[in-house]
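Report on the structure
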Amino acid sequence: MCRWAAYIGAPIFLEEIVSRPGHSLIRQSHGATQCASAINADGFGLAWYGERREPGLYRDVYPAWSDPNLRALTAQVRSGLFMAHVRASTGTAISRNNCHPFVVGRWSFMHNGQIGGYDGFRRDADMMIPEALYPYRKGATDSEALFLLALAEGLEEDPYGAMMRAVARLVALSRAKGCAPHLRLTAALSDGQVLYAMRCASDAAAPSLWHRWSAVHGGRAVVSEPLEADEEGWEAIPPGSFCAFRGEEVEIRPFDPLDVPLAA
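The structure presented is a predicted model; accordingly, all values stated were derived computationally and were not measured. All residue numbers refer to position in the chain's written sequence, counted from 1. Given that this is a predicted model, residues contribute local features only at a pLDDT of at least 70 and side-chain atom pairs are listed and counted only at 80 or more, while totals for whole chains, interfaces and linings are drawn from all residues. Remark: hydrogens and water are excluded; side-chain values derive from all non-hydrogen atoms of the structure.

**Regarding helix H5 (residues 142-152)**
Type-normalised accessible area, obtained with a 1.4 Å probe on protein chains alone, sets the label of each residue: buried when under 20%, exposed when over 50%, and partly exposed for intermediate values. For helices the rule is a DSSP run of H or I covering at least 4 residues; for strands it is a run of E covering at least 2, with both sets numbered from the N terminus onward. Burial of H5 is extensive: ten of the eleven residues sit out of reach of the surface. Those residues of H5 that sit buried are Asp-142, Ser-143, Glu-144, Ala-145, Leu-146, Phe-147, Leu-148, Leu-149, Ala-150 and Leu-151. Those residues of H5 that are buried lie in contact with strand E5 (102-104), strand E6 (107-115), helix H4 (122-128), helix H6 (159-177) and strand E7 (183-190). Downstream of H5 by one or two residues, Gly-154 has phi in the positive range, about 105 degrees. Residues are treated as being in contact if the distance between any of their heavy atoms lies within 4.5 Å.

**Digging into the state of the cysteines**
By disulfide we mean two sulfur atoms from cysteines, separated by a distance within 2.5 Å. Counted under the stated rule, the structure contains zero disulfides. In this structure Cys-99 is a free cysteine whose sulfur lies 9.4 Å from that of Cys-2, the closest cysteine sulfur available. With no disulfide of its own, Cys-243 lies closest to Cys-200 among cysteine sulfurs, the gap being 11 Å. By relative accessible area, which is 0% here, Cys-243 ends up buried.

**Details of the sheet that holds E6**
What makes two strands pair is DSSP finding at least two bridges between them. One open sheet holds the six strands; their spatial order is E5-E6-E7-E8-E12-E13, and the pairing between them is antiparallel. Of all strands in the sheet, those with a lone pairing partner are E5 and strand E13 (249-254), marking the two edges. Adjacent strand axes in the sheet meet at a mean angle of 15 degrees, parallel and antiparallel pairs treated alike. Taken together, the five bridges between strand E8 (residues 195-201) and strand E12 (residues 241-246) define a ladder with antiparallel strand orientation. Bridged to Met-198 within E12 is Phe-242. Where helices are involved, their axes are fitted lines through C-alpha atoms of the stretch in contact, as for all axes, and angles between N-to-C directions lie from 0 to 180°. Contacts from H5 reach E5, E6 and E7, with the element oriented near 130 degrees to E6.

**Structural notes on the side chain of Ser-241**
Topologically, Ser-241 is positioned in strand E12. Ser-241 gets classed as buried once you look at its relative accessible area, which sits at 4%.

As structure tokens, then:
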């Protein structure tokens, strides 16, 4: 399982989330406390929005704690909407193309979890990606496939419905050719205006997800694990939730892609 963090609000330096807190994302890359493995050393990535429509992107295959460029970058870059991810591979290769976040146009996406038995139906998943989007298929992860399927399902117009249908398609493949648990998922995505996040699972073990508004920073962090040892002030996002964060505003809707009827 991976760990990730996202932020939306008044611009701050990325280090306020990625490296400075006591339980920062870099700390979670070698000391995570709310997942099966404390180590998330199979690469890292950042996507941040600034003055241009499309986000900046920085990814590499090194453990986050060992890359001095990451600390230097987060100490200099300021953004009002960004994502950061540390990876623990569930079977695919350690490569830059498999590191999150993934970016297509103005959209960015990152994921923690797994689609059960993905190796048994990877080709089927790839065949669901339309030809127009397939050039963006650079890696081999279920995460990137999910992102491209969501774009194909209408992410631009309907993020909630598109994610519901895309997840449902991969769960259907897992049920047909994969194995249980068919789904464990948290994910974050953004178009540069709104930060979306979701949490769900086909069993009782949905990956952890929290959020908190900071009056000091004027922004909201959405994280796999609270950024301090003390969880006071952090709110757990319930399993089966789809969230839209617009600054201080929070909208949470039920999210259950497990029994969505799919068009042929």
